[in-house]
Amino acid sequence: MLLLPRGFSMSKSLSKRFLQLSVIHLLLTAACITAIFPVARVVSISFRNTDTVATSDAFNFPPRGEATFGDYVEFFSQAVIPYELFEVKETPDTTVTVVEEDPILVDPDDPFASLDELDAVDAPRKWYSNYTDLFTKHLFAQWIYNSLVISFSAAFIGVFLAATAAYAFARFSFPGKKLAGGFLFTTQMIPAPMMIIPVYLVVKSLNLGNTYAGLVLAMSVTTLPFSIMVLKGYFETVPKSLEDAARVDGCSPISAFFRILLPLSTPALAIAFLFSFTSAWTDFLLASTLIDDVELRPWTLGIMEFSGNFDARWGLFAAGSVVIAIPSMMLFLYSAKYVVSGLTLGGVKG
Amino acid sequence: MDVQLEIKNLEKTYDKKVKVLKDINLQVDKEEFLVLVGPSGCGKSTLLRTIAGLESVTDGCIEIAGRDVTNAPPADRDIAMVFQDYALYPHMTVRENLAFGLKMRKTPKEQITAEINRAAKMLDIEHLLDRRPAQLSGGQRQRVAIGRAIVRRAKLFLFDEPLSNLDAKLRSQTRIELADLHQKIHATSVYVTHDQVEAMTLADRIVVLNGGDIQQIGSPMELYQTPGNKFVASFIGSPNMNFFDGALETKTDGRRVFSFAEGEFDFTNAPLPKNDGPCTLGLRPESIKVLAKKGREAEGPVDVKVKVALLEPHGHENHLVGLIESKQVIVRSANPHRLAVMNSSKKGDVLEASVDRSALHWFAADELGERLETVHPTLN
């Protein structure tokens with residue numbers, strides 16, 4: 001009410017409107033908090049020492065006994081804000097004691113001596129240690145690299161195959177077209193876990209088990225039906241006369257496809273690409289079935305190493321989650337500009 | 001004159017059932033402007049697309065500049081085509097649109113630039129070269145589409161109803177520009193339209209198609225003055241020709257009379273088919289002349305009385321929809337004296353009219369309605 005301008009007389013309908021708006025905003029705020037809380041929680045954990053996460057009372061929810069509103073506030077703020085990082089601690093002079101207790105024989109000729117030293121010395125824990133540990137003590141960089149290679153290849157190959165197939169569906173009539181289209185639909189209805197064993201057998205029989213290629217093949221194929229449907233729908237909106245014009249201008253049907261149709265279909269291509277990429281980027285099931293080697297693991301498998309049977313290093317796990325979110329977020333932000341329709345407007349009448 | 005396009009016994013069948021083109025034979029001379037005209041679904045666009053190579057041919061052969069291209073892809077036919085919906089590439093600028101065909105043919109860069117400048121100047125689109133098609137108006141897009149054909153200097157230009165998406169004013173203006181352009185560059189052109197005004201004004205020769213068959217080929221005036229059959233007669237000319245189904249008979253006193261359900265005409269001294277019998281009379285709207293009160297326009301026999309149903313003033317001329325008993329006829333006149341009579345009439349008035357004996361069209365009474373030869377009575 002205080003926000004209303006001076007001299008503002010509130011009529012009945014206005015006050016009703018005000019109430020309505022308040023309720024809506026309250027609901028929206030609650031929804032936002034619900035959506036943001038888990039993310040904030042993960043970010044906060046990623047800065048914490050694994051021990052403090054595990055022993056924290058933060059998991060005792062809701063606060064027991066006669067909880068006041070303040071208790072709730074404290075609980076949620078503790079969950080999200082890593083207070084302990086801001087406490088000024090006296091840093092014990094651990095380095096010295098360690099060296100005294102366990103002296104290392106430094107061979108002046110050993111080129112790796114400095115590395116040994118590093119291994120032996122447990123660096124003092126910093127607030128960002130979880131992040132540095134990911135890359136120094138674990139193969140996280142390798143896992144991300146694996147995931148990027150696999151996801152990009154799967155997405156590129158998948159989109160290429162989908163585009164060519166969708167072109168055939170959109171432009172040509174061939175025997176069995178309806179049947180094939182319907183069949184593509186039905187494959188979408190089979191739950192992924194049911195396909196795991198057949199996919200494994202196929203990949204194995206191609207001698208592609210435990211390789212990038214096997215995983216890429218399996219991943220690019222699983223998203224094909226969706227991509228084909230998206231692209232076919234889009235291709236059908238592009239006037240056929242454009243391809244006719246290109247063919248009269250000297251294109252073969254294939255070059256007309258690549259020079260005219262594909263550049264015009266960037267919005268649909270971007271959607272298909274993003275879909276293939278994210279489903280490959282976040283895939284766990286296929287990777288866990290087809291990949292054995294630690295060096296070939298995508299991050300989805302690698303990150304599981306942090307939550308073992310006997311200890312769960314949630315700090316590392318959370319830091320890893322934050323890191324892997326960055327590439328996909330960047331990709332989405334970058335491709336947003338391509339996912340604009342209306343590029344075909346103006347080429348033909350209208 | 002060299003033959004630039006020759007079509008022999010062309011047939012096109014869809015799905016082994018629907019015959020869209022039936023035994024088409026056609027020759028187009030170099031620098032000629034040929035117009036294919038016909039109602040929608042008559043196969044004119046299909047014929048154009050088979051010439052372009054965008055549709056396959058079931059039977060027959062197509063030669064362009066003496067070379068058999070029946071099975072050649074469109075790219076190898078050295079043709080340029082202007083589409084009904086313009087078909088400009090939306091992701092390219094006007095300049096790139098114009099250059100695309102030349103680029104695909106590996107033309108040197110300097111030549112591409114020169115050709116684009118020449119075409120842009122000719123079409124007055126120089127200021128639009130760096131825009132995209134979406135930023136152009138309909139008329140401008142049409143110019144670019146024509147420009148894309150011009151830069152190619154192709155052996156044959158194909159136009160697929162290029163003006164049908166423009167509004168009426170722009171259409172007549174672009175029509176003039178097209179005619180002007182043809183006089184400048186003398187490109188051999190095949191032009192498809194369903195608009196007989198475009199056909200009449202642009203064509204050196206017109207091909208009238210119906211149901212996949214060529215009905216008649218001839219110059220615009222030939223088609224207008226001596227239509228080969230009832231279909232051509234009804235299709236060419238606006239407003240449509242009036243048809244009277246009836247029979248010609250010779251009376252006992254020697255008079256030759258054409259009688260139809262609603263009346264009869266005494267055509268004793270007119271050029272008529274030799275034989276009596278059932279036939280169809282075609283009268284152009286301007287051949288039925290409303291008689292004025294006085295002067296030259298008052299002369300002539302009163303052949304028919306027309307009851308006014310509707311008057312359509314066009315300014316320079318009037319179209320009058322009238323009734324002879326229950327038969328509807330259209331009468332047109334641009335003569336000021338006749339206009340005065342028409343303008344002063346009201347719905348329901350009965351006007352006297354005379355039929356121009358020199359402009360009678362006679363057709364056989366059968367389904368095809370072929371034109372009947374006439375003989376002048378004085379020559380007998």
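Residues numbered from 1 in each chain as written. Chains lettered and ligands numbered in written order. Predicted model: local features only at pLDDT ≥ 70, side-chain atom pairs only at ≥ 80, totals over all residues. Heavy atoms only, no water.

Q: Explain the sheet that holds strand β2 (residues 18-29) of chain B to me, please; I cannot follow it from the model alone.
A: Sheet strands associate in pairs through backbone hydrogen bonding, adopting either a parallel or an antiparallel arrangement. All names here are of chain B. Taking strand neighbours across the sheet as the criterion, the four strands line up as β2-β1-β4-β5 in an open arrangement whose pairing is antiparallel. Both edges of this open sheet fall to β2 and β5 (67-68), since each of them pairs with a single strand only. With two bridges connecting them, strand β4 (residues 59-64) and β5 associate as antiparallel partners. Note that in β5 the partner of Glu63 across the bridge is Asp68. On the sheet, helix α1 (residues 44-52) packs against β1 (3-14), β2 and β4 and is oriented at approximately 115° with respect to β1. (Pairing = 2+ DSSP bridges. Helix = DSSP H or I, 4+ residues; strand = E, 2+ residues; numbered from the N terminus. Contact = heavy atoms within 4.5 Å. Axes fitted to C-alpha atoms, helices over the stretch in contact; angles between N-to-C directions.)

Q: So what exactly am I meant to see when it comes to a positive patch on the surface here?
A: On the surface, Arg259 of chain A together with Lys103, Lys106 and Lys109 of chain B cluster together to form a positively charged patch. Relative to the assigned elements, Lys106 of chain B resides in the loop between α2 (94-104) and α3 (109-123). (Patch = residues over 30% accessible without salt bridge, like charges linked within 9 Å, V, L, I, M, F, W, Y side chains within 5 Å. Areas by Shrake-Rupley, 256 points an atom, 1.4 Å probe, with all protein chains shown as cover. Salt bridge = Lys/Arg side-chain N within 4 Å of Asp/Glu carboxyl O. Lys, Arg positive; Asp, Glu negative; His and termini not counted. Charge placed at Lys NZ, Arg CZ, Asp CG, Glu CD.)

Q: Looking at this structure, I do not really get the nonpolar core. What am I missing?
A: As a rule of thumb, soluble globular proteins bury nonpolar side chains together. If you look at the biggest cluster of nonpolar residues, it comprises 80 residues, and the most contacted ones within it are Leu231 and Phe235 of chain A together with Leu5, Leu36, Leu47, Leu158 and Val190 of chain B. By residue number, the principal contributor to this core is helix α7 (residues 140-171) of chain A, which donates eleven residues. If we ignore the near neighbours within four places in the chain, the residues touching Leu5 of chain B are Leu26, Gln27, Val28, Ile51, Ile62, Glu63, Ile64, Leu156 and Val190 of chain B. With 46 residues, the next largest nonpolar core counts Val144, Val151, Leu181 and Ile236 of chain B among its residues. (Core = buried A, V, L, I, M, F, W, Y, C linked by side-chain atoms within 4.5 Å. Buried < 20%, exposed > 50% of the residue type's maximum accessible area, 1.4 Å probe, protein only.)

Q: Looking at this structure, I do not really get the domain arrangement of chain B. What am I missing?
A: The figure often quoted for interface size is the accessible area lost as the parts come together. Residues and elements named next belong to chain B. Segmenting chain B into domains produces domain 1 (3-234) and domain 2 (239-379). For the pair domain 1 and domain 2, the summed buried surface comes to about 960 Å²; carbon and sulfur atoms form 51% of the total. Broken down residue by residue, the surface that domain 1 buries against domain 2 is led by Tyr224, Lys230 and Ala233, which jointly contribute 53%. Counting every contact that joins domain 1 to domain 2 gives one salt bridge. (Domains from an automatic or database assignment. Buried area = accessible area lost by both parts, 1.4 Å probe.)

Q: How should I be thinking about the domain arrangement of chain A in this particular structure?
A: All names here are of chain A. Looking at chain A, the domain boundaries give domain 1 (13-127) and domain 2 (140-335). Counting residues at the interface gives seven residues for domain 1, matched by nine residues for domain 2. Here domain 1 and domain 2 share an interface that buries about 530 Å² over both sides, 80% of which is from carbon and sulfur atoms. Inspection of the region where domain 1 meets domain 2 yields zero salt bridges. For the pair domain 1 and domain 2, the interface holds zero residue pairs in polar contact (both at pLDDT 80 or more). Of all elements in the fold, only α1 (12-46) and α2 (50-55) reach the threshold of two or more residues within the side of domain 1 that touches domain 2. With four residues, α1 is the largest single contributor of residues to the side of domain 1 that touches domain 2. Residue composition of the side of domain 1 that touches domain 2, by class: four nonpolar, two polar and one charged. (Polar contact = N/O pair within 3.5 Å; in protein donor to acceptor, adjacent residues only side chain to side chain. Nonpolar A, V, L, I, M, F, W, Y, C, P; charged D, E, K, R; others polar.)

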